[in-house]
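So you can see what is in the structure, the chains are spelled out below.
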Amino acid sequence: MPHATSLRRAPVQRRSAERLARILDACADLLDEVGYDDLSTRAVAQRAAVPIGSVYRFFGNKRQMVDALAQRNLERYAERVTQRLSAAGDGGWREAMDAVLDEYLEMKRTAPGFSLVDFGNQIPVGARTEPNHRVADRLTELLSGYLGREPDEELRRVFLIAVETADTLVHLAFRVAPEGDPKIIEEMREMLRAYLARVLD
């Protein structure tokens, strides 16, 4: 569920939470079909089979709705990385980096609306902090224990640089090829390993 700060009103009952999930699912599907410029709250309400008032109960406009979708994407991404690392055991930072990168690429290829929104980078959704800072903060929180490191400013800065680098190169890979150019992705993986090794080895 998106952070309550991105919503006009946080859902309290299960039925309300399910309605919010349907709205965000419809928003994601429509982003793939019509893009951000042609997205409308009315179309989202119709696709989600809810009254238009239900959309406005949670969101003042489509920008807030897309920001909530970006936040939900980040939470789902964090869950996927956590599950992957739990299954992998203690594989060190290289295992963690592969999980972080592979799960992002998988969402980029398969999650509805993700190629347009991801964590808020693609569309100016008016987030209070830059999306990559939000991702770096989440990864610092998520991975510090796994890596046996303090979640301090140095680790956060390292993750922010890695996230910014990966963000730029992933977008390049997907501009070159619809599923992400494998050679660019491999070069990016090697670059990140070389950078992280200086700090995490």
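The rules we used
- Residues numbered from 1 in each chain as written.
- Predicted model: local features only at pLDDT ≥ 70, side-chain atom pairs only at ≥ 80, totals over all residues.
- Heavy atoms only, no water.
- Helix = DSSP H or I, 4+ residues; strand = E, 2+ residues; numbered from the N terminus.
- Buried < 20%, exposed > 50% of the residue type's maximum accessible area, 1.4 Å probe, protein only.
- Polar contact = N/O pair within 3.5 Å; in protein donor to acceptor, adjacent residues only side chain to side chain.
- Contact = heavy atoms within 4.5 Å.
- Expected span 1.5 Å × (residues − 1).
- Core = buried A, V, L, I, M, F, W, Y, C linked by side-chain atoms within 4.5 Å.
- Axes fitted to C-alpha atoms, helices over the stretch in contact; angles between N-to-C directions.
- Parallel < 35°, antiparallel > 145°, perpendicular 65-115°, else oblique.
- Nonpolar A, V, L, I, M, F, W, Y, C, P; charged D, E, K, R; others polar.
- Salt bridge = Lys/Arg side-chain N within 4 Å of Asp/Glu carboxyl O.
- Phe/Tyr/Trp six-rings, centres within 6.5 Å; stacked < 30°, edge-to-face > 60°.
- Lys NZ or Arg CZ within 6 Å of the ring centre and 35° of its normal.
- pLDDT = per-residue confidence, 0-100.

Asks: Just to check I follow, could you spell out the side chain of Arg138 for this structure?
Replies: By the element assignment, Arg138 lies in helix α7 (residues 131-147). Classification of Arg138 by relative accessible area gives buried; the value is 19%. Here the side chain of Arg138 touches Glu141 through a polar contact of 2.9 Å, side chain to side chain. Setting aside its immediate chain neighbours within four residues, Arg138 contacts Leu74, Glu75 and Ala78.

Asks: How should I be thinking about helix α5 (residues 92-110) in this particular structure?
Replies: It helps to recall that an α-helix has 3.6 residues per turn; residues three or four apart then point in one direction. The end-to-end C-alpha distance of α5, which contains 19 residues, comes to 27 Å, matching closely the 27 Å that a straight helix rising 1.5 Å per residue would cover. Here α5 has its buried residues at Trp93, Ala96, Met97, Asp98, Ala99, Val100, Leu101, Glu103, Tyr104, Leu105, Met107 and Lys108. If you follow the buried residues of α5, they end up packed against α4 (62-88), α6 (114-117), α7, α8 (153-176) and α9 (182-200).

Asks: Would you explain the nonpolar core in this entry?
Replies: Side chains of a nonpolar character, in soluble globular proteins, are inclined to be buried together. Tyr77, Phe119, Leu139, Leu143, Val170, Met188 and Leu196 are the most contacted members of the largest nonpolar core, which has 37 residues in total. A total of eleven residues in this core trace back to one element, the largest contributor, which is α8.

Asks: In this structure, what is going on with the packing of α8 against α9? I would like to understand it.
Replies: Pairs of packed helices are described in terms of their axes, by the angle between the two and the distance that separates them. At a closest axis distance of 9 Å, the pairing of α8 and α9 adopts a crossing angle of 170°. Taken together, the axes of α8 and α9 are roughly antiparallel relative to one another. When the residues that make up the contact of α8 with α9 are grouped by side-chain class, the tally is 19 nonpolar, one polar and two charged.

Asks: I tried to follow the pattern of salt bridges on my own but got confused; where do I start?
Replies: A side chain with one charge may pair with a side chain of the opposite charge, provided their charged atoms come close. Per the stated rule, a full pass over the model turns up 18 salt bridges. Across the salt bridge formed by Asp98 and Arg193, the nearest N and O atoms sit 3.2 Å from each other. Placement of the pair is Asp98 in helix α5 and Arg193 in helix α9, with a sequence separation of 95 residues. For the salt bridge of Arg138 with Glu141, the shortest nitrogen-to-oxygen distance reads 2.9 Å. Of the two residues, Arg138 and Glu141 both sit in helix α7, three residues apart, roughly one turn of that helix. Since its relative accessible area comes to 55%, Glu141 is described here as exposed. Salt bridges here are not isolated pairs; linked through shared partners, they connect Arg80, Arg84, Asp98, Asp102, Glu103, Glu186, Arg189, Glu190 and Arg193.

Asks: Honestly, the packing of aromatic side chains in this entry has me stumped. Any pointers?
Replies: We describe a pair of aromatic rings using the distance from one ring centre to the other and the angle between the two ring planes. Counting across every chain of the model gives six aromatic pairs. Ring geometry for Phe114 against Phe119: centres 5.4 Å apart, planes inclined by 85°, an arrangement best described as edge-to-face. Both residues of the pair, Phe114 and Phe119, count as buried. Here the aromatic cluster, defined as three or more aromatic residues joined through ring pairs, consists of Tyr77, Tyr104, Phe114 and Phe119. Between Lys62 and the ring centre of Tyr36, over which it is positioned, the NZ or CZ distance is 4.5 Å. The lysine or arginine in question, Lys108, covers the ring of Phe174, its NZ or CZ lying 5.6 Å from the ring centre.

Asks: Is there a simple way to explain the confidence of the model for the protein chain in this structure?
Replies: Detailed reading of predicted coordinates is not advised where the pLDDT is low. Averaged over all residues, the pLDDT of the protein chain equals 88, while 90% of them reach at least 70. The weakest mean pLDDT in the protein chain belongs to α6 at 90; the strongest belongs to helix α2 (residues 41-48) at 96.

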